[in-house]
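# Tertiary structure, described
One letter stands for each residue in the lines below.
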Amino acid sequence: MTLRNCCTQNRIEPLDIAALRDAHPEHWKLATAIRTLTLDAVAAANSGHSGMPMGMADVATVLFQNHLRFDPAAPHWPDRDRFILSAGHGSMLLYSLLHLTGYADMTLEQIKNFRQWGAITAGHPEYGHADGIETTTGPLGQGIANSVGFAMAEEILRAQHGKQIINHHTYVMAGDGCLMEGVSQEALALAGMQELSHLIVFFDDNGITIDGPVSISDRTDQPARFAASGWHVQSIDGHDPKAIDAAIIAAKKDPRPSMIACRTHIALGHAAQDTSKGHGALTDADQLAAAKAAYGWPYGPFEIPADVKAGWEAMGERGAAARADWEARFAGLSQGKQDAFNRAFALEAPKALASKIRAVKKAASAEGKAVATRKSSEIALGAINPVMKETVGGSADLTGSNNTKTADLGTFGPDNRKGRYVYYGIREHGMAAAMNGMVLHGGIRPYGGTFMCFTDYARGAMRLSALMKAPVTYVMTHDSIGLGEDGPTHQPVEHLAMLRATPNTHVFRPADTVETAEAWECALTSKTTPHVLALSRQNLPIVRTEHKSKNLSAQGAYVLADAEGKRQAILMATGSEVSIALAAREKLQAEGIGTRVVSMPCWELFEEQDEAYRKRVLPGGPVRVAIEAGIRFGWDRWLYGERGRQQKGDFVGMHDFGASAPAGELFEKFGITADAVVAKVKDLLG
């Protein structure tokens, strides 16, 4: 069977399937198992993406057979190689590999239920659904950007623990779509600068996108682009197993990250080969049968002959010896080193963390010093980082503004792999995606900073943090109009609402140093939830003047100051507006209006409290005013719900974008003042 090749943009060449089959018959049978499982699963689901797995099956087969170090019987072995399918739409490639090599949970029944309710074989690979899925991919570009974090984590841990304990590679498959996404440039530039030699990317160079040939939308020389960023680059025939093997060997020897451009045929051997139709679901029964005939595969749906399955299972079994050798080396470490290693990989905070946080809180309450909460965060990190060696900090070119670097960290780079601080450059999205990769790799607690408004740039990766339950900490400073003169382009007003709308994300907006330290404690003891710390540029007074060992912020909201006399009003506020609420309370109390102030640093945690606690904090009866230098969206839950009433609640905050002026003047002009709060309360009381 001869088909045509259009993967090089304007040149069409013949492709002889029979010749490919006959040149390497044993390899061909192994690779064909991937292709046929993909065709059968997509046909059964009547949904999916057939072409990519069919095109990259040869590369995957050589990688798993000759190079990838893994053990399906111990899928979480810390020193395994990582395999990331960045082109997540080709998920049947990964599911086929996991099933064929013997991962216990990836049964044939799961393959048959591809894309169905309750199956672990989701449309795109989802972290946590099945062993062997290292990260959630599907949003193009995320996998390759995650891989940079995986590779950085491997470098840091190898420096910390020695190459006898950590010494593995990260392999990635990415397509044209991944490389067109802007985050890929952020990722590959960072990887090249950092000389991440254990990172190897296979570029599925098939020349096809959903709309048609790549040439209708792009003319980028991808190998040249990687080379310009400091990568080792090779171009090969992606269907020649000898060329694939030689390229991987060369990549592993080079001191740079490697990109192997694999010229492939999308939907190899199918009538839709080398067309945009080949990208999607190939479900026509006659065409499927014809493809199997061309492959020389006389078997029924989902049928893998015993010798082929045995060949794949042998690949999985091979890793058992390497894993056992590693376990013996690990057992040779001191008990203290083993415990520290295991604690970090289990995402367990050290016992000393709680006492360090309490000390920061006690000192802040005693000193009563007004500081910006970005500075409060730096103070907390100064206590945290020395006792949590797994923390790795960074900033997207705003280190001095985000206050994310402490003196003990050292700078991570090619000449200092023990450094725990990353200068990410102006790459917010790449930073967030890399941090996802770090925490998913294991052994690392990443945090990174930028301005709050630039969560817009990092949003794609931040959403995946939440989806994957990856406990990344985002240090987002300059959280309101309080940043002042930089103006509305830099003043976040809608961002708190956007982040709070994201499931499984804890958004903290602390009012002072005490609440900031408590927010850090919550972030660093979470195993399944990313945290956003929204921090001020301007100095804020200490509102927690009386030291309490208990982490009050962990309750999400609490009574900061109660009413004296009959309770007539409840003021709810976050961050810099808590001190405004306290000032308004003083004025109202002076007029005989009993007023409670509730600090609400984290709505999500307050929602998780039981009804009895929420009722104690927000009882029915008094009027309510919410104060926040952001838009109102979301506040009605607390104003009118939780025993509130629509005619007895109001909001003081932003209703439009900000402006360029000194911070104090902006709060006055936008009416976010104690006097405005007092007026609202009086209006509501009638």
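Fair warning: this is a prediction, and the values are worked out from it, not measured in the lab.

Moving on, we get to the nonpolar core. Grouped together as the largest cluster of nonpolar side chains are 67 residues, with contacts concentrated most on F64, F83, M173, F202, I260 and W312. Here this core takes ten residues from helix α2 (residues 25-45), the largest share from any one element. The contacts of F202, once residues within four sequence positions are left out, are M56, V59, L63, Y171, V172, M173, A174, I248, I260 and C262. V422, M438, A458 and V532 belong to the second largest nonpolar core, which has 64 residues in total.

Let us look at the packing of aromatic side chains. One pass over the full model with this rule turns up 20 aromatic pairs. Relative to Y295, the ring of W28 lies with its centre 5.9 Å away and its plane at 70°, an arrangement referred to as edge-to-face. With W28 in helix α2 and Y295 in helix α11 (residues 285-295), the pair connects residues that are 267 residues apart, well separated along the chain. Here W28 matches Y295 in class, with each residue buried. Chaining the aromatic ring pairs together yields one cluster made of W603, F606, Y613, W635 and W638.

All right, on to helix α3 (residues 51-66) then. For α3, spanning 16 residues, the distance from its first C-alpha to its last is 24 Å, which sits close to the expected 22 Å at 1.5 Å a residue. For α3, the principal kink sits at A57 and spans about 55°.

Another point: the pairing of strand β11 (residues 391-395). A regular strand places its side chains so that they alternate between the two faces of the sheet. The buried fraction of β11 amounts to five of the five residues, a majority that puts the element mostly inside the structure. Alternating residues of β11 divide into T391, G393 and S395 and V392 and G394, and every residue in both groups is buried. Pairing geometry for β11 and strand β13 (residues 445-451), over three bridges, is parallel. Residue S395 lies in a different strand from β13, and its bridge partner there is G449.

Looking now at the sheet that holds strand β3 (residues 82-85). Here we have five strands laid out as an open sheet, ordered β3-β4-β5-β9-β8, and parallel in their pairing. Of all strands in the sheet, those with a lone pairing partner are β3 and β8 (232-237), marking the two edges. Averaged over all adjacent pairs, the angle separating strand axes in this sheet is 20°, with direction ignored. When β3 meets strand β4 (residues 170-175), the two strands line up parallel, connected through four bridges. The partner of R82 across the bridge, within β4, is T170. Here helix α10 (residues 241-253) sits on the sheet and contacts β4, β5 (199-205), β8 and β9 (258-263); the angle it forms with β8, its principal contact strand, is near 175°.

In this section: helix α21 (residues 577-590). Over its 14 residues, α21 runs 20 Å from end to end, which matches the ideal 20 Å to within 8%, given 1.5 Å per residue. Of the residues making up α21, those classed as buried are E577, V578, I580, A581, A584, R585, L588 and Q589. In this structure, the buried side of α21 is in contact with β18 (558-561), β19 (567-573), β20 (594-599), β21 (623-631), α25 (663-669) and α26 (674-685). Just downstream of α21, G592 is the residue with a positive phi angle, here 85°.

Our next topic: the confidence of the model for the protein. The predicted coordinates should not be examined in detail at positions where pLDDT is low. Per-residue confidence for the protein gives a mean pLDDT of 97, with 98% of residues at or over 70. Contacts for the low-pLDDT stretch residues 1-12, under 50 throughout, to residues beyond four places or in other chains number 39 contacts.

This next bit is on the sheet that holds strand β22 (residues 649-654). One open sheet holds the five strands; their spatial order is β18-β20-β19-β21-β22, and the pairing between them is mixed. Of all the strands in the sheet, just β18 and β22 have a single pairing partner and so form its edges. Geometrically, the sheet is characterised by an average inter-axis angle of 30° between neighbouring strands, direction not taken into account. Taken together, the six bridges between β19 and β20 define a ladder with parallel strand orientation. Directly across from R567, in β20, lies its bridge partner G594. Seen against the sheet, α21 touches β18, β19, β20 and β21 and runs at an angle of roughly 170° to β20.

Turning our eyes to something else, we now look at the side chain of D71. Counting through the fold element by element, D71 comes out in the loop between α3 and β3. Using a relative accessible area of 5% as the deciding quantity, one classes D71 as buried.

Judged by how many residues are buried, β4 sits mostly within the fold: six of six residues are covered. The two faces of β4 match: T170, V172 and A174 on one face and Y171, M173 and G175 on the other face are all buried. Across six bridges, β4 lies against β5 in parallel orientation. Looking at β5, one finds that G175 is bridged to D204.

Running from amino to carboxyl end, helix α4 (residues 91-101) crosses helix α12 (residues 306-331) at an angle of 90°, the nearest separation of the two axes being 7 Å. Judged on the interaxial angle alone, α12 and α4 are roughly perpendicular. From α4, L97, H99, L100 and T101 reach across to α12, where they touch K309, W312, E313 and G316. Of the residues contributing to the contact of α4 with α12, the split by class is three nonpolar, three polar and two charged.

Rules behind the numbers
Residues numbered from 1 in each chain as written. Predicted model: local features only at pLDDT ≥ 70, side-chain atom pairs only at ≥ 80, totals over all residues. Heavy atoms only, no water. Core = buried A, V, L, I, M, F, W, Y, C linked by side-chain atoms within 4.5 Å. Buried < 20%, exposed > 50% of the residue type's maximum accessible area, 1.4 Å probe, protein only. Helix = DSSP H or I, 4+ residues; strand = E, 2+ residues; numbered from the N terminus. Contact = heavy atoms within 4.5 Å. Phe/Tyr/Trp six-rings, centres within 6.5 Å; stacked < 30°, edge-to-face > 60°. Expected span 1.5 Å × (residues − 1). Bend = angle between axes of the 7 residues up to and from the residue. Pairing = 2+ DSSP bridges. Axes fitted to C-alpha atoms, helices over the stretch in contact; angles between N-to-C directions. pLDDT = per-residue confidence, 0-100. Parallel < 35°, antiparallel > 145°, perpendicular 65-115°, else oblique. Nonpolar A, V, L, I, M, F, W, Y, C, P; charged D, E, K, R; others polar.

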